[in-house]
Amino acid sequence: DELIEFTLATIEMNGWPIEGIPVQKCVEEMKADFPEALVRHALNRLSRQPPKNGSQPLDPERICVFKLELLFHKQKTIPERALMDVWEKALPYGLKPEKKMLSGYAALRKVNGSMEWIHMNHWHLPQTPSDRLRILFDIQPRWKLEELEPYMKYLKLPGDTLEALVLRYAREVNGYI
């Protein structure tokens, strides 16, 4: 996290557009603190494309999700009304968070009459469908299928539908089997 934060700060400090970070200049700027391989790794983590002609385009969504994860490391829940504002303030100038970016990283739940976002990174949940659903149902007892999709899509077997997967394991989790 420190490496990515430092990389983003270096990019912002130098005024480089995220559409094309000059890789060698970035490496030079950061060489006193990080070896070249780590700087390149950080740029790759923030991108969906390989460098071209010495320039690395960064992906705004990856930057936004990284900053979202940092917010949730500081506090596990954030009130629904506050999240977008706090998140936008944490982002580099010009980037705007979108609610769709929360999919698979945060879940909305009702606590004592108010709504809050809770950190729920789909990569950090158990890999077995029943264990994953147990955690999800502990957070909130009712889900729409489309809300479960980002948490369950990587657990589907070829030919399986999301609905079949959820139905199969939800019964087990809720004690129907």
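The structure under discussion appears in the preceding block.
Report follows, based on the coordinates. (Residues numbered from 1 in each chain as written. Predicted model: local features only at pLDDT ≥ 70, side-chain atom pairs only at ≥ 80, totals over all residues. Heavy atoms only, no water.)

### Points about the overall build of the protein chain
Rules: Secondary structure is summarised from DSSP: a helix means a run of H or I of at least four residues, a strand means a run of E of at least two, and numbering begins at the N terminus for each. Per-residue accessibility, obtained with a 1.4 Å probe over protein chains only, is compared with the maximum for each type, and a residue is labelled buried under 20%, exposed over 50%, and partly exposed between these values. Contact between two residues is taken to exist if any of their heavy atoms lie within 4.5 Å; hydrogens are not considered. For the accessible areas, the method is Shrake-Rupley and the probe is 1.4 Å, while residue cover comes only from the protein chains on display. Neither His nor the chain ends is counted toward charge; the positive residues are Lys and Arg and the negative residues Asp and Glu. All charge positions are set by atom: Lys at NZ, Arg at CZ, Asp at CG, Glu at CD.
For the protein chain, the helix and strand inventory stands at 8 helices and 5 strands. Reading the protein chain from its N terminus to its C terminus gives the helix and strand order α-β-α-α-β-α-β-α-β-β-α-α-α. Scored against the burial criterion, the 177 residues of the protein chain give a buried share of 42%. Contacts spanning at least 24 positions in sequence make up 49% of the contacts within the protein chain whose residues lie at least 6 apart. Total accessible area on the protein chain stands at roughly 10800 Å², and carbon and sulfur atoms take up 52% of it. One finds the centroid of the 25 positive side-chain charges in the protein chain at a distance of 3 Å from the centroid of its 25 negative side-chain charges.

### Comments concerning the nonpolar core
Filter applied, for reference: By nonpolar core we mean a set of buried residues, namely Ala, Val, Leu, Ile, Met, Phe, Trp, Tyr and Cys, connected to one another through side-chain atoms within 4.5 Å.
Formed by 35 residues in total, the largest nonpolar core has its most connected members in L43, L58 and W87. In terms of residues, this core owes the most to one element, helix 4 (residues 60–74), which gives 8 residues. Apart from the residues lying within four places of it in its own chain, the contact partners of L43 are T7, I11, I21, V23, C26, Q56 and L58. Among the nonpolar cores identified, the runner-up in size contains 18 residues, and F137, I139, W143 and L148 belong to it.

### Focus on helix 4
Here is the rule: Any helix carries an expected span of 1.5 Å times its number of residues minus one.
Compared with the 21 Å implied by 1.5 Å per residue over 15 residues, the 22 Å span of helix 4 between its first and last C-alpha is a close match. Close packing links the buried residues of helix 4 with helix 1 (2–14), strand 3 (77–79), helix 5 (80–90), strand 4 (106–111) and strand 5 (114–119).

### Some remarks on the packing of helix 1 against helix 2 (residues 23–30)
Heads up, the rule is: Orientation is described by lines fitted to C-alpha atoms, with helices fitted over the stretch in contact, and by angles between N-to-C directions that extend from 0 to 180 degrees. For classification, angles of less than 35 degrees are called roughly parallel, those exceeding 145 degrees roughly antiparallel, those between 65 and 115 degrees roughly perpendicular, and all remaining angles oblique. Left-handed describes a crossing whose near helix is turned anticlockwise from the far helix through less than a right angle; right-handed describes the clockwise counterpart.
Put simply, helix 1 and helix 2 touch, their axes get as near as 11 Å, and they point 110 degrees apart. Between helix 1 and helix 2, the crossing angle belongs to the class labelled roughly perpendicular. The element helix 1 and its partner helix 2 pack so that their crossing is right-handed. Facing helix 1, whose interface residues are L3, F6, T7, T10, M13 and N14, helix 2 presents C26, E29 and M30.

### Regarding the packing of aromatic side chains
We count it as follows: When the centres of two rings from Phe, Tyr and Trp lie within 6.5 Å, Trp using its six-membered ring, the rings pair. Their planes under 30 degrees apart give stacked, over 60 give edge-to-face, and anything left gives tilted.
As enumerated under the stated definition, the model contains 3 aromatic pairs in all. Relative to F34, the ring of F6 has its centre 5.3 Å away and its plane inclined at 65 degrees; by these criteria the two rings are edge-to-face. Of this pair, F6 sits in helix 1 while F34 sits in the loop between helix 2 and helix 3 (36–45), and the two are 28 residues apart along the sequence. The partly exposed category is assigned to F6, whose relative accessible area is 30%. The exposure class of F34 is buried, given its relative accessible area of 13%. Aromatic side chains W143 and Y151 sit 6.1 Å apart centroid to centroid with 75 degrees between the ring planes, which places their arrangement in the edge-to-face category. On the basis of relative accessible area, W143 is assigned to the buried category, the value being 16%. Assessed through its relative accessible area of 2%, Y151 is described here as buried.

### As for the sheet that holds strand 3
Formally: Here the rule is simple: two strands pair whenever DSSP picks up at least two bridges between them.
Pairing within the open sheet is antiparallel, and its 3 strands lie in the order 3-5-4. This sheet does not close on itself; its edge strands, each paired only once, are strand 3 and strand 4. The average undirected angle you get between the axes of adjacent strands in this sheet is 35 degrees. In the sheet, strand 3 pairs with strand 5 via 3 bridges, with the strands oriented antiparallel.

### Quick word on the pattern of salt bridges
In plain terms, the rule: Any Lys or Arg side-chain nitrogen located within 4 Å of an Asp or Glu carboxyl oxygen qualifies as a salt bridge.
Tallied over the entire structure, the rule returns 10 salt bridges. Across the pair R109 and E116 runs a salt bridge, and its minimum N-O distance is 2.8 Å. For D131, the salt bridge identified is with R134, shortest N-O distance 3.2 Å. Of this pair, D131 and R134 are both found in helix 6 (residues 129–139), 3 residues apart, which corresponds to roughly one turn of the helix.

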